[in-house]
Each structure stands twice: as structure tokens, then as C-alpha cells.
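Observations on chain architecture
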Amino acid sequence: MKIRFNGEVETLLQGIERLAPALGVTLSSEEDAIQVQVSHLARGLSASWDGAAGRIGYTEKHQFFRALSLFVQHYKQGEPFRVEEEQHFRQVGPMFDVSRNAVLTVESFKQMLDMLALMGMNTVMLYMEDTYTIDGEPYFGYMRGRYSFYELKEIDDYADQYGIEAFPSIQTLAHMEEFLKWEPVFHYKDTKGALLVGDERTNQLVERMIKAVSAPFRSKKIHIGMDEAEELGRGRYLDRNGFSERFDIMTAHLDRVLAVVRSQGLQPMMWSDMFLKIASGAEGRDYDTETTIPEEMASRIPSGVDMVYWDYVHTEREDYEKLIAAHRPIGSRLIFAGAVWIFNTFGVNYGLSLTASDTALQVCKEQGIDEVYATMWGDDGNEGNPFAALLGLQLYAEHAYTAGQPTAAQLAERVKQCTGMDAESFLLQKDLDETPGAEPNNSKQSNPSKFLLYQDVLLGLFDHQIAGLELNSHYAQLEARILSKRVPGDKLDHVLDVPEKLCAVLKLKSEQGIALKAAYDAGDREALRHAALVELPAIAEAVRALRAAHRTVWLRTFKPFGWEVIDIRYGGVLSRLDTAAYRLLEYADGRLGRIEELEQERLVYSSANRFNNRGLGWCSYYYRMASPNVFYHVVNPF
């Protein structure tokens, strides 16, 4: 498809040339090329073809690239067309978690930005707890794949060619475990993850953090974090200063942080959850939809900082309406952050993600919230892949350019155009966790794709919760479905490689512990011998193939730092399979009187289970999936 662009396109050419191969477009000056006139509009964007010539109109730079993708999409249908759109969110984009083991390489970031440009996104947030460089703090991001100034600047420059505003999101209060774990920086530490606020050394650190992380970016925006700081003031701060209310500690610290931010000419935003939780008296991490922030509290919250209301689980519009209303007394500008659930799983919980996001984004439009983000957290090691989340990001883009709710057909057409992968292929990944026993749309966030891989076949911690569900069959069928969608050579085909290989493991391993327990209870030594000599080695071989595929995908997507964690986990699975086979043979051959692990009664893992309609099960931590015993003992968590 040869196109000749006419008009003022000099500032767009670099982006056009980068995107042309993915669009199947060749830039040409030849007479037989499609003539496309490019012009500025007073509002919105447009793409049209009248059978003889084409037009693309745009207001903001980023809108041109969405209009270009729309032009190519509709031109392929072979009929004249005219598409006009307005942008209903002033800013829309993803938040990439580059702090939980998986730090996207600069090249991966560029590949992601290419697709975001075609979607029409105009902002991107980089969540960095300690994965950026601070002069004079060698332990900050040490061995964690931290970005250099020049890497962040390269990402920012690349985003800017598409009119996408990149900016940093950091932590200036809690969620600093990975930095504070180092003994040489103990002086900054209140609790395991919270900074020792009020200490002058901490104040100086925060100032250097803000200066260092903002320097590579054109944007004046900065996210200063401050979420989930429930432990604030309960460690060394308490020893030094005695008891103080968390609200008082937090607002005093926020004042200091904002003074630094303002001195740098930056516009801050922060997570809002702690104010709502303090107002409700909540000790956990969930919002109370009936919370009201008292006027006295609201008046003491520092002004001049945008509040980011994050919400990843609600599916009813009334919940969003109540929680948005609960934020209003603060008086700050409100931003919304939803999620595409790649947290704590090998797949993507699209059932929950698409349902919750669809509702939330429609309410945001009605409530006048004009800045929205799709978070993609990488909790507990980040086995997931942000490229697998592109269907969810596409939904955010389509909401941004649709007054009402985008249709499933619209979403499918656009994601195929922008990413090259069809919606069905993305959605297959939800079935890694949306299994028999899960609630509809996996609304209770079951993550069997992770706990069934890591749980021990002799200990069977989750076996009672999955008994009778025929999960081996589920994963065998899913493996076949994924294989049918693979297109070797496609730019995103690698996204399906790990899910396919994981299914090859789980079709053998999911119910293995149940089978071993049943054979042991029945005294069937021959069945146990067969398991030791045939079944467990077959599982181990499938795990080795999964590990090799995962390593290949990881090293083409992320920096190498962090892969060692996943490598160790795979090694643990293989070692335990080997030990299980050894013990089964010892028993089958009469050298062992009993297998104590198989003597134990199987209990439900937690109160979240299918017997009370709370899903198949959820666990947030690998080490609790692998064993009920002590991985580490903390003498002094502070």
C-alpha cells in the first residue's frame, strides 16, 4: 500500500516511517501512490477516502497516528469512507510497572509505544520504585535493572515523536522494600517498606529522588506515590517519636515532598487510597464504598496535588459513583487508574479487567474525569507479560474516542489493526485462570495458572480446592486452542508461547497430587511406581520446555535482572519433582514404611474457595504456594 502524504507532515515523518512497516504502508512520491492530504482541525480527528483521494485531519499530534491507523484499516475494505472522532479523555494511557523484577528494555518500550501510538494514546507512566539512578546512592536499584538517565531520555524522546507524554511514577513514602532491604541504607528506614519520615537524611534523599527521576523527561508531571502506607510510623519512627496518628505523619511528610516538587516546577499527583482508608478506619487494602472524608480532615490535606483514585475490582457503576463522590471533599483534581490484570498470574484476567474497566471508564466520562490510566502491576516476580495486556489497553483507547461504550466488534477490529493479533488470541489467556471452579469472569481473581505450577505434588496445598474439577482436561483443551491460534513469525506470536507451554505442564500436573494421594490411600504401590518412573519425569520434561520458552521471551522483553528469581522457581519445581519420584520409589520398593506427606489430610488452602463461591483460590506469594514452611525468618522486620 503506497501512500504519498501532502501537507505539513515534517514533524510527523519520523513517526510515520517507524509505523509504516506494521501498517503495511510504503511512503512513495510516485503518481500511482494513494494521495493523502494531511491538515489540522479545530477539534478531534478524521480519516476519509472518497474513491480518488484521502484525507487525514487531526488536532493534537498523537491523534494523527490514530487517524492514520483508522485510514489504513478502512481503506483495506475497498469502499469510500469517512471516520470522525473526538477525544473524550484529555489524557489516556498505560502505567507500566518496571519495579517488580521485570524492567522493560528500551527496545521493548519502543515496540510498545509504536502500538500505543496507533491506538491514539497520549500519555504513559513509568512506575519506578528504585529502578532509576541517583548519584551518590549506589544501593538504589542495585542489581535490579535500574534505568540510566540516558535510557529514560531515549524512552521520552521516542514517545515524544508520537505526541505521547511520558512521565515518572515513584514512591516517596512506602513500597520501598527493595531499597530499604540493604543494611548500608538502614538510616532511611522506618519499617520494612516505609521511609523514616521527619529525618533530615530522608528529606534529602526524597529531594534527590525527585530531581533525578524528573530530569530525563520533558513532562512536568510526576507521580509521588504514597499508597498502601498502612505501616507508616509503626517502626523506628514510633521508637523515636512515640505514637502519632498516621494522618498527621503523612500530611506533614506530604508537605515536605510537595515543597520539593514545587521547587522543581513539577505538577504532582499521588494515590488517594490512604486518605479514604484513614477516614474509614480501614486497616486492610480495600475501599469502603460508604466512606465519607470529614470536612476537618479534608481541610488539612495539602492542596495542589492531583489525587489518583485507583480501583481494579468493582464491576458495578454504583460503586464507582460512590467512591468518586467520596473523593470530592478533598477538593483536588481527580484522576482514575484502573487495571489490566496481569498481576500474580501467567495469563491475563480479561474477564474481570474488561468488565471492570468498561464500567469504570463510562462512569469517569459521565463524572467529568478527564485523565485515566490502565495499570499493569507485576506483583510477586512478574511472570506475566505486558504485551499480553494490549487488548485491555485497546479498550481504554476506544473509550477515549467513543462517547458511549465501544462495541466488542469495534474493540476486535481496532486491536487487530493496532497490534496485529486478534482479540480471540488475547482472550485465550484468560482461560489460564478462568477454569472450572472459578466465578464467572473470574471476578474473585483466582490464579491457578501460578499456584498449580508451583505447588508441591507431595504436599498438595491446593488439592482439596481443585478436587473433581478435571483441570488436566481443561488445560489440555486450552493448549490445543492456543496452538490453533499460533502464527509463527507474527510480531506478537511469542506472547502465546509461555501460555502454550504452561498448559502442556498443567495438563499433566494439575491433578497429580490428588492422584498420588488416592493411590497411596488405596495402597497401590504399582501406581506410585508408575508415577515415579513415568508421570513425574514427563511433568519435569514439560517444565524444562516451559522454562526455556519463558527465558527466551523474558530476555527479548526485559532486562536480565529479575529472571534469576523465576529461574530459581523453576528449579524448585524440578527439584521437588525429583525428590517426589525418589520417595515414591523408596516406598514402592519397600525401603520406606510410609510417605508422611501423603499421610496428611488435605485442607482448603484459604477461605477464598469454590465451596463458598469465592473462586478456585488465590495466593499472592510464590513461597506460600510452594510450601507451608518457613522460607525466611525476620527477627526485626523494622
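Considering the overall build of the chain
- Assigned secondary structure in the chain consists of 24 helices and 14 strands.
- Relative to the 2.2 N^0.38 estimate, which gives 26 Å for 638 residues, the radius of gyration of the chain is 26 Å and therefore close to what a compact globule would have.
- Reported as C-alpha extents along the three principal axes, the dimensions of the chain are approximately 85 × 65 × 45 Å.
- The burial tally for the chain puts 59% of its 638 residues in the buried class.
- Contacts spanning at least 24 positions in sequence make up 77% of the contacts within the chain whose residues lie at least 6 apart.
- Only carbon and sulfur atoms are counted for the fraction: they give 50% of the accessible area of the chain, which is about 24,700 Å².

Quick notes on the pattern of salt bridges
- The tally for this structure, following the rule as stated, stands at 63 salt bridges.
- Ionic pairing is found between D306 and R333, a salt bridge with its closest N-O pair at 3.1 Å. With a gap of 27 residues between them, D306 in strand β12 (residues 306-310) and R333 in the loop between α11 (317-327) and β13 (334-339) connect regions that are remote in the sequence.
- In this structure D306 comes out as buried when scored by relative accessible area, which is 10%.
- On the basis of relative accessible area, R333 is assigned to the partly exposed category, the value being 29%.
- Of the charged contacts, one joins R481 and D431 as a salt bridge, the two residues approaching to 2.9 Å between their closest N and O atoms. Highlighted residues: R481 in helix α18 (residues 471-485) and D431 in the loop between α15 (423-428) and α16 (448-454), separated in sequence by 50 residues.
- A residue is classified by how much of its surface remains accessible, and R481, at 37% relative accessible area, is partly exposed.
- In the salt-bridge network here, residues are joined through shared partners; they are R90, E165, K221, D306, R333, D370 and E371.

Here's the deal with the packing of aromatic side chains
- Scanning the entire structure with this criterion turns up 35 aromatic pairs.
- With 5.3 Å between their ring centres and 75° between their planes, F96 and F109 make a pair best called edge-to-face. Here F109 lies in helix α3 (residues 106-119) and F96 lies in strand β7 (residues 91-97), a separation of 13 residues in the sequence. Taken as a pair, F96 and F109 share a single burial class, namely buried.

Some words on a nonpolar patch on the surface
- A cluster of nonpolar side chains, Y142, M143 and F561, forms an exposed patch at the surface whose accessible area comes to about 290 Å².
- Here M143 lies in the loop between β8 (123-127) and α4 (149-160).

Concerning the pairing of strand β3 (residues 34-40)
- Bridge analysis of strand β1 (residues 2-7) against β3 gives 5 bridges, and the strand direction is parallel. Among the inter-strand pairings, R4 is bridged to a residue of β3, identified as Q35.
- Pairing geometry for β3 and strand β5 (residues 54-58), over 5 bridges, is parallel. Looking across to β5, one finds that Q37 is bridged to R55.

Here we look at helix α2 (residues 61-75)
- With 15 residues, α2 should reach 21 Å at 1.5 Å per residue; the first-to-last C-alpha distance of 22 Å fits that figure.
- Burial analysis of α2 places 13 of its 15 residues in the buried class, which makes it a mostly covered element.

Focus on the nonpolar core
- Of all hydrophobic cores here, the largest spans 215 residues; its most connected members are F5, F64 and L584.
- The biggest single contributor to this core is helix α21 (residues 525-557), with 11 residues.
- Excluding residues within four positions of it along the chain, F64 makes contact with F5, L12, I16, V38, I56 and Y58.

What to know about the sheet that holds β5
- Spatially, β2-β1-β3-β5-β4-β6 is the arrangement adopted by the 6 strands of the open sheet, whose pairing is mixed. Each edge of the open sheet carries a strand with a single partner, namely β2 (26-27) and β6 (81-85).
- Summarising the sheet, strand β4 (residues 45-49) and β5 pair through 5 bridges and their orientation is antiparallel. Within the sheet, the bridge partner assigned to S48 lies in β5 and is R55.
- Of the strands in this sheet, β1, β3, β4, β5 and β6 are in contact with α2, which crosses β4 at around 25°.

Focus on the side chain of K365
- Counting through the fold element by element, K365 comes out in helix α12 (residues 350-367).
- Buried and without a salt bridge, K365 has D358 as its closest oppositely charged side chain, separated by 7.3 Å.
- Excluding its chain neighbours within four sequence positions, the residues that come into contact with K365 are H88, F89, H399, T402, A403 and G404.

Parameters and conventions
Residue positions within a chain follow its written sequence, with the count starting from 1. Whole-chain, interface and lining totals are the exception, using all residues; otherwise, since this is a predicted model, local features are given only for residues with pLDDT of at least 70 and side-chain atom pairs are given and counted only at 80 or more. Side-chain descriptors were evaluated using all non-hydrogen atoms of the structure, hydrogens and water having been removed beforehand. Helix and strand assignments come from DSSP, with helices taken as H or I runs of at least 4 residues and strands as E runs of at least 2, each series counted from the N terminus. C-alpha atoms define the radius of gyration, and 2.2 Å times the number of residues to the power 0.38 defines the globule rule. Whether a residue is buried, partly exposed or exposed follows from its accessible area with a 1.4 Å probe, protein chains only, as a fraction of its type maximum: under 20%, in between, or over 50%, in that order. Residue contacts are defined here by distance: any two heavy atoms, one from each residue, within 4.5 Å place the two residues in contact. In short, Shrake-Rupley with a 1.4 Å probe defines the accessible areas, and a residue's cover is counted only from the protein chains shown. By salt bridge we mean one thing: a side-chain nitrogen of Lys or Arg within 4 Å of a carboxyl oxygen of Asp or Glu. In this scheme Phe, Tyr and Trp rings, the latter by its six-membered ring, pair at centre separations within 6.5 Å, and the angle between planes marks the pair as stacked below 30 degrees, edge-to-face above 60, and tilted otherwise. Every patch collects residues that have over 30% relative accessible area and no salt bridge, joining them within 9 Å if they carry like charges and within 5 Å if they are nonpolar side chains (Val, Leu, Ile, Met, Phe, Trp, Tyr). If DSSP finds at least two bridges between two strands, the strands pair. To estimate the expected span of a helix, count its residues, drop one, and scale the result by 1.5 Å. The nonpolar core is taken to be a set of buried Ala, Val, Leu, Ile, Met, Phe, Trp, Tyr and Cys residues, with the residues joined through side-chain atoms within 4.5 Å. Each axis is a line fitted through C-alpha atoms, and for a helix only the stretch in contact is used; angles between axes span 0 to 180 degrees, taken between their N-to-C directions. When charges are tallied, Lys and Arg are placed among the positive residues and Asp and Glu among the negative ones, while His and the ends of the chain are skipped.

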